[in-house]
Amino acid sequence: MEEMKCPTCGCQSFYVKDPSDEHEIYVFTCPEGEVCFEAEISVAEAPQVEDDTETYCNNCSWHDSFKKVKIDFK
Ligand SMILES: [Zn+2]
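Residues numbered from 1 in each chain as written. Predicted model: local features only at pLDDT ≥ 70, side-chain atom pairs only at ≥ 80, totals over all residues.

### Looking at the overall build of the protein
So, point 1. Within the protein one finds 1 helix and 5 strands.
So, point 2. Of the regular secondary structure in the protein, the N- to C-terminal order runs β-β-β-β-β-α.
So, point 3. Taking 74 residues into account, the globule formula puts the C-alpha radius of gyration at 11 Å, and the protein, at 11 Å, falls close to it.
So, point 4. Overall, the C-alpha framework of the protein stretches about 30 × 25 × 20 Å when taken along its three principal axes. (Helix = DSSP H or I, 4+ residues; strand = E, 2+ residues; numbered from the N terminus. Rg over C-alpha atoms; globule rule 2.2 N^0.38 Å.)

Okay, structure coming up:
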């Protein structure tokens, strides 16, 4: 099973920025390789996370495209 972790610190919590407002962030985890947004984020407002979506670690300064997290921890 895929387990997604930050390549730098091992944190399993990430966030993406709103494409139209970079002060708006959406925190998610990937318990089974599936993007799982926090409960208070409704499906309607959650942004689409694609392979090339810039993804940020919630714990350290690491960020890269979403597919890098998946590739590093397959
Ligand atoms: Zn990290």
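### Things to note about the environment of Q48
So, point 1. Among the secondary structure elements, Q48 is positioned in the loop between β3 (36–37) and β4 (54–57).
So, point 2. Here Q48 falls in the exposed class, since 8 other C-beta atoms lie within 10 Å of it.
So, point 3. With 39 residues separating them along the chain, Q48 and C9 place their C-alpha atoms 25 Å apart. (Buried ≥ 20, exposed ≤ 12 C-beta atoms within 10 Å, placed from the backbone.)

### Here we look at the pairing of β4
So, point 1. The alternating pattern of β4 places T55 and C57 on a buried face, while none of E54 and Y56, on the opposite face, is buried.
So, point 2. As defined by bridge partners, strand β1 (residues 13–18) adjoins β4 across 2 bridges and the pair is classed as antiparallel. Among the inter-strand pairings, F14 is bridged to a residue of β4, identified as C57.
So, point 3. Alignment of β4 against strand β5 (residues 63–65), held across 3 bridges, turns out to be antiparallel. Pairing of Y56 across the sheet is with H63, part of β5.
So, point 4. Counting the residues in the hairpin turn of β4 and β5 gives 5 residues. (Pairing = 2+ DSSP bridges.)

### Looking at the sheet that holds β5
So, point 1. What the 5 strands build is an open sheet, ordered β3-β2-β1-β4-β5; its pairing is antiparallel. Strands with a single pairing partner mark the edges of an open sheet, and in this sheet they are β3 and β5.

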